Amino acid sequence: MAVKTGKLSMGLPFNSANKVYIDQVIRSSASSAANYRSACRAKSKPDFVNKLKIVEEELDETLFFYEMLAEFNPDSKKELRELYVEVNELLSIIVTSINTAISNILKESAKKIRNPKSKI
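If you're wondering where the values come from, they're calculated on a predicted model, not measured in any experiment. (Residues numbered from 1 in each chain as written. Predicted model: local features only at pLDDT ≥ 70, side-chain atom pairs only at ≥ 80, totals over all residues. Heavy atoms only, no water.)

*Asks:* Any chance you could explain the overall build of the protein chain here in plain terms?
*Replies:* Along its length, the protein chain carries four helices and zero strands. For the protein chain, the N- to C-terminal ordering of α and β elements is α-α-α-α. In terms of C-alpha radius of gyration, the protein chain reaches 18 Å, well past the compact-globule figure of 14 Å for 120 residues. Dimensions of the protein chain along its principal axes, counting C-alpha atoms only, are 65 × 20 × 20 Å. Taken over 120 residues, the protein chain has a buried fraction of 32%. (Helix = DSSP H or I, 4+ residues; strand = E, 2+ residues; numbered from the N terminus. Rg over C-alpha atoms; globule rule 2.2 N^0.38 Å. Buried < 20%, exposed > 50% of the residue type's maximum accessible area, 1.4 Å probe, protein only.)

This is the structure:
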């Protein structure tokens, strides 16, 4: 997604609006990828959740900048729409992962409260 975003951005016309939105969408899409990579190396389950929340924010920001670019680049709406759909699907997966991880953390905490001697 970050690579596709960069490649699409290289083909957009250079103007003041595009410059700002292209810079931002490249940053947010690359940050999403980098923070997901970081989440995969999380030190704990809460750390994993926190890193995925950053991914969620960056993906949402990426969607916003796709919308802005589509407004200023009607000839590229089809390509931007395809990326938008892909990122929106990733966002759904990340939100589901966050909710699952939080649920698992809460279940583990409840088990420890019920059975404090357990190492699980």
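*Asks:* Explain the packing of aromatic side chains here, please?
*Replies:* Two numbers describe a pair of aromatic rings. These are the distance of the centres and the angle of the planes. In the structure shown here, the tally under the stated rule is three aromatic pairs. Aromatic pair Tyr21 and Phe65: ring centres 6.1 Å apart, planes at 40 degrees, arrangement tilted. Here the residue Tyr21 occupies a position in helix 2 (residues 16-39), and Phe65 occupies one in helix 3 (residues 45-72), the gap between them amounting to 44 residues. By relative accessible area, which is 18% here, Tyr21 ends up buried. Each member of the aromatic cluster is reached from another via a ring pair, and the members are Tyr21, Phe64, Phe65 and Phe72. (Phe/Tyr/Trp six-rings, centres within 6.5 Å; stacked < 30°, edge-to-face > 60°.)

*Asks:* For this particular structure, what's the right way to read the nonpolar core?
*Replies:* The tendency in soluble globular proteins is for nonpolar side chains to be buried side by side. Among the nonpolar cores identified, the biggest contains 24 residues, and Leu52, Leu59, Tyr66, Leu69, Leu80, Val87 and Ile94 are the most heavily contacted of them. Counting residues per element, this core draws most heavily on helix 3, which supplies nine residues. (Core = buried A, V, L, I, M, F, W, Y, C linked by side-chain atoms within 4.5 Å.)

*Asks:* Looking at this structure, I do not really get the packing of helix 1 (residues 2-10) against helix 4 (residues 77-114). What am I missing?
*Replies:* Between two packed helices, both the angle of their axes relative to each other and the distance between the axes serve to describe the pair. Relative to each other, helix 1 and helix 4 sit at 165 degrees, their axes nearing to 11 Å. With respect to each other, helix 1 and helix 4 are oriented roughly antiparallel. The two elements helix 1 and helix 4 meet at a crossing, and its hand is left-handed. On the side of helix 1, the interface is formed by Lys4, Thr5 and Leu8, while helix 4 contributes Glu79, Leu80, Leu83 and Glu86. (Axes fitted to C-alpha atoms, helices over the stretch in contact; angles between N-to-C directions. Parallel < 35°, antiparallel > 145°, perpendicular 65-115°, else oblique. Left-handed = near helix turned anticlockwise from the far one by under 90°. Contact = heavy atoms within 4.5 Å.)

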